[in-house]
Amino acid sequence: MTIMYSIVAPIFNELENLPELYRRVLHAMSDMHGNWELVLVDDGSNDGSTEAILALAKQDKRVRPVIFARNFGHQVAITAGWDYARGDAVVIIDADLQDPPELIPELIWKWREGFQVVYAVRAEREGETWFKRLTASLFYRIIYRITDVKIPVDTGDFRLMDRKVVDVLKTMGERHRFPRGMSAWVGFRQVGVPYRREARHAGVTKYPFRKMLKLALNAITAFSYFPLQLATYFGFLSAGLAALAIPVVIVMRLVGSQFFEGQATTLIAVLFLGGVQLISLGVLGEYLGRVYDEAKGRPLYIVSRGPEE
Ligand code: UDP
Ligand code: MG
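About the criteria used
- Residues numbered from 1 in each chain as written.
- Chains lettered and ligands numbered in written order.
- Predicted model: local features only at pLDDT ≥ 70, side-chain atom pairs only at ≥ 80, totals over all residues.
- Heavy atoms only, no water.
- Helix = DSSP H or I, 4+ residues; strand = E, 2+ residues; numbered from the N terminus.
- pLDDT = per-residue confidence, 0-100.
- 1 Å grid on protein atoms, 1.4 Å probe; cavity = no way out; pocket = protein on both sides within 12 Å on 5 of 7 lines; lining within 4 Å.
- Points joined across faces, edges and corners; volume = space filled by probe spheres on them.
- Axes fitted to C-alpha atoms, helices over the stretch in contact; angles between N-to-C directions.
- Parallel < 35°, antiparallel > 145°, perpendicular 65-115°, else oblique.
- Contact = heavy atoms within 4.5 Å.
- Phe/Tyr/Trp six-rings, centres within 6.5 Å; stacked < 30°, edge-to-face > 60°.
- Buried < 20%, exposed > 50% of the residue type's maximum accessible area, 1.4 Å probe, protein only.
- Lys NZ or Arg CZ within 6 Å of the ring centre and 35° of its normal.
- Donors = N, O, S within 2.8 Å, 3.2 Å for Na, K, Ca; no water.
- Polar contact = N/O pair within 3.5 Å; in protein donor to acceptor, adjacent residues only side chain to side chain.
- Salt bridge = Lys/Arg side-chain N within 4 Å of Asp/Glu carboxyl O.

(A) Representation of the environment of P19 within the structure. Of note, P19 is situated in helix α1 (residues 18–29). For the pair P19 and L56, spaced 37 residues apart in sequence, the C-alpha separation works out to 8.7 Å.

(B) Region of the structure containing the confidence of the model for the protein. For the protein, the mean per-residue pLDDT works out to 88, and 99% of the residues sit at or above 70. Of all helices and strands in the protein, the one with the weakest mean pLDDT is helix α5 (residues 130–146) (83), whereas strand β4 (residues 89–92) scores best (96).

(C) Empty space enclosed by the protein, seen in detail. As enumerated under the stated definition, the model contains two cavities of 30 Å³ or more in all. In this structure, the largest cavity encloses a volume near 40 Å³. Surrounding the largest cavity, F139, Y140, I143, Y144, I151, F178 and R180 form its lining. No other element matches the four residues that α5 contributes to the lining of the largest cavity.

(D) Main features of the packing of helix α8 (residues 209–223) against helix α10 (residues 263–296). With their axes 11 Å apart at the nearest point, α8 and α10 run at an angle of 85° to one another. The orientation of α8 relative to α10 falls into the category roughly perpendicular. For the pair formed by α8 and α10, the contact residues are L217, N218, I220 and T221 on the first element and E286, Y287 and R290 on the second.

(E) The packing of aromatic side chains, seen in detail. In total, this model carries nine aromatic pairs according to the counting rule given. Ring centres of F178 and F223 lie 6.4 Å apart, and the angle between their planes is 65°; this geometry places the pair in the edge-to-face category. Taken together, the residues span a long stretch of sequence, with F178 in the loop between α6 (163–170) and α7 (179–185) and F223 in helix α8 at a distance of 45 residues. In terms of burial, F178 and F223 fall into one category: buried. Three or more aromatic residues joined by ring pairs make a cluster, and in this case those are F139, Y140, F178 and F223. The residue whose ring lies beneath R70 is F72, and the NZ or CZ to ring-centre distance is 3.9 Å. Above the plane of the ring of F115 lies R189, whose end atom (NZ or CZ) is 4.5 Å from the centre.

(F) Up close: the coordination of the magnesium ion (ligand 2). Summarising the metal site, the magnesium ion (ligand 2) is bound by the protein donors D96 (OD) and Q98 (OE1), whose distances to it range over 1.9 to 2.0 Å. Neither D96 nor Q98 differs from the other in exposure class; each is buried.

(G) Quick look at the side chain of T155. Tracing the backbone shows T155 in strand β6 (residues 155–162). Residue T155 is classed as buried on the basis of its relative accessible area of 1%. Only 2.9 Å separates the side chain of T155 from the backbone oxygen of V153, close enough to count as a polar contact. Dropping the residues within four chain positions of it, T155 is found in contact with Y119, A120, V121, Y140 and R180.

(H) Geometry of unusual backbone geometry. Look at N13: it is not a glycine, yet its phi comes out positive at around 55°. In this structure, N13 sits in the loop between β1 (5–11) and α1. The backbone of D154 shows a phi angle near 50°, a positive value even though the residue is not glycine. Turning to its location among the elements, D154 is positioned in the loop between α5 and β6.

(I) Representation of the pattern of salt bridges within the structure. A complete count under the given rule lists 19 salt bridges for this structure. With a closest N to O distance of 2.8 Å, R24 and E102 form a salt bridge. Placement of the pair is R24 in helix α1 and E102 in the loop between β4 and α4 (104–112), with a sequence separation of 78 residues. Given a relative accessible area of 39%, E102 falls into the partly exposed group. Of the charged contacts in the structure, one is a salt bridge between R197 and D94, with a shortest N-O distance of 3.5 Å. On the criterion of sequence distance, the pair formed by R197 in strand β7 (residues 190–197) and D94 in the loop between β4 and α4 is long-range, its members being 103 residues apart. The exposure class assigned to R197 is buried, which follows from its relative accessible area of 5%. Where salt bridges share partners, they join E14, D96, R200 and K206 into one cluster.

The following block contains the structure:
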């Protein structure tokens, strides 16, 4: 049996959202020609989502469960979705119904027009705190400015990708992943579709500030050397300042000026440079740690139960 569409949803403790997700996907896909499958990647849930996914799969063969051995994170769950999806077009969608499944047919129409990546752009966001909206907006704009890939702003992981694109993405084995950056990096014919991001159907966000920060770090380090280059800029800046200051201080001493008296000036200069050096070292360490992770070559995720088991 050939599958035309794969719909992939990463799931981390979304028990209350599962039935509604299934119902709305079923409804949205009912008018579509071609077979479809719903790949539910359970990212180490402990609220009973796992059992609910397995029960759903038993009742409807189009539902394919991929159960992780523990929580590996949203980005990795999406990666497993790419690996397990069999469709000619693969749609990634959040399980909390912030991304409306009713938009999927619209993404599919664009795909039929010949676009290979159709990403959904958040024109409006509902039911999120001002803090989340502000940090998200800043995040997209900073990433856009400093990374080498033009990653569309206000765009999450909700998107459709052609089989060709997914096959390329599957060869990208990087550990610290930023799927929306990766899918922009590969190129192909891309287009955005605006939509209204709804409030969560039920439950609370699984993205505390800590995880958002981690995602931002992944995005920056995976697609830019900017933080590393900052050390060079700071180095040139302080070397330049020193080159200017040395003759000035010498002349002032010779004419008997007491302007640079005391230890405070020295202390400030030493502390400032010491701080800059330590921060640069930290940035180096951040990249080095990531290189180390790559070198270990561990599997990205561990599946405790696949769709065929
Ligand atoms: N998610 C996941 N693993 C995690 C955190 C989240 O698979 O470690 C899933 C979650 O179940 C949801 C999607 O990723 O389907 C987006 O998460 P969430 O809605 O909590 O993020 P937000 O929309 O608040 O940014
Ligand atoms: Mg959400």
